[in-house]
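Chain by chain, the residues:
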Amino acid sequence: MKKKIKSKQIRGSHVSGLDIPEAPVLLTLSETGVVILAYTMKKEYRIDIEKISNITSYSEKEEEKYQKSSFTKTLVGAAALGPVGAVIGSRPKEKTRDKFTNYLVIDYSDKQIIICADEDIFKVTDIIRLFEKIKPQSKGVTSVSL
């Protein structure tokens, strides 16, 4: 009976490390290695699992400002104070929300590939966990060249 190969996929955009410009990619990690498919460029990159020293992630947080007005507040303002209340009630409020951008970093053969993940942090973490299962000796190891 053939052993099933575990794998995880993540969609994103190539940021650096490959010979293509920023482009959408599909990254697949399996027990044999990483396959990065740049489907718009019709290119495929394969990295053997033995060559990969580490896979990590990092996130960037950006505050996004937006304006929000409420029709309900307009109606309540109009009912309470007439036309002046409607104007006051419809006044837009400025709000902020946090926007996170997640990156996946693959270190291999003294090189590095950075992928900006379209997926949430949980899918990025799944890729890292699978890598740590496949290659447990790399877990938490920091290499220093002397």
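To start, this report covers the structure provided alongside it. Predicted model only: the values in this text are computed from it and were never measured.

### A look at the packing of aromatic side chains
Step number 1: Under the defined criterion, the tally for this structure stands at 1 aromatic pair.
Step number 2: Ring geometry for Tyr-58 versus Tyr-103: centroids 4.8 Å apart, planes at 15 degrees, classification stacked. Note that Tyr-58 is positioned in strand S5 (residues 52-68) and Tyr-103 in strand S6 (residues 93-108), a separation of 45 residues in sequence.

### Considerations on the pairing of S6
Step number 1: The pairing of S5 with S6 spans 16 bridges and is antiparallel. Within the sheet, the bridge partner assigned to Glu-60 lies in S6 and is Thr-101.
Step number 2: Examined bridge by bridge, S6 and strand S7 (residues 111-117) share 7 bridges and lie antiparallel to one another. Within S7, the residue paired with Asn-102 across the bridge is Ala-117.
Step number 3: Remark: 2 residues form the turn of the hairpin made by S6 and S7, two consecutive strands paired antiparallel; Ser-109 in that turn has positive phi of roughly 40 degrees.

### Focus: the nonpolar core
Step number 1: By size, the foremost hydrophobic cluster in this structure holds 26 residues, and its most contacted members are Leu-27, Ile-36, Ile-52, Ile-55 and Leu-104.
Step number 2: Looking at this core, the elements with two or more residues in it are strand S2 (24-30), strand S3 (33-38), strand S4 (43-48), S5, S6, S7 and helix H3 (121-134).
Step number 3: Tallying contributions element by element places H3 first for this core, with 5 residues.
Step number 4: In this structure, Leu-104 is in contact with Ile-10, Leu-27, Ile-55, Thr-56, Ile-113, Ile-114, Ile-115, Val-124, Ile-127 and Ile-128, ignoring residues within four places of it in sequence.

### As for the sheet that holds S2
Step number 1: Spatially, the 7 strands line up as an open sheet ordered S4-S3-S2-S1-S7-S6-S5, and their pairing is antiparallel. The open sheet has two edge strands, S4 and S5, and neither has a second partner. Across this sheet, the average inter-strand angle for adjacent strands is 30 degrees, counted without regard to direction.
Step number 2: Across 4 bridges, strand S1 (residues 7-16) lies against S7 in antiparallel orientation.

About the cut-offs
Numbers given for residues are sequential positions, taken from 1 along each chain in its written order. Thresholds applied to this predicted model are a pLDDT of at least 70 for local features of residues and 80 or more for the giving and counting of side-chain atom pairs; totals over whole chains, interfaces and linings are not thresholded and use all residues. Values reported for side chains reflect all heavy atoms of the structure, with hydrogen atoms and water molecules removed beforehand. Two rings from Phe, Tyr or Trp (for Trp, the six-membered ring) form a pair when their centres are within 6.5 Å of each other. A pair whose planes differ by under 30 degrees is stacked, one over 60 is edge-to-face, and the rest are tilted. Only runs of H or I of at least four residues qualify as helices and only runs of E of at least two qualify as strands under DSSP, and these elements are numbered from the N terminus. Paired strands, in this sense, are two strands between which DSSP finds at least two bridges. Only buried residues count toward a nonpolar core. Its members are Ala, Val, Leu, Ile, Met, Phe, Trp, Tyr and Cys residues joined through side-chain atoms within 4.5 Å. Exposed residues in this analysis have more than 50% of their type's maximum accessible area, buried residues have under 20%, and partly exposed residues fall in between, with area computed by a 1.4 Å probe over protein chains only. Two residues form a contact once any of their heavy atoms are found within 4.5 Å. Axes here mean lines fitted to C-alpha atoms, for a helix over just the part in contact, with angles spanning 0 to 180 degrees between N-to-C directions.

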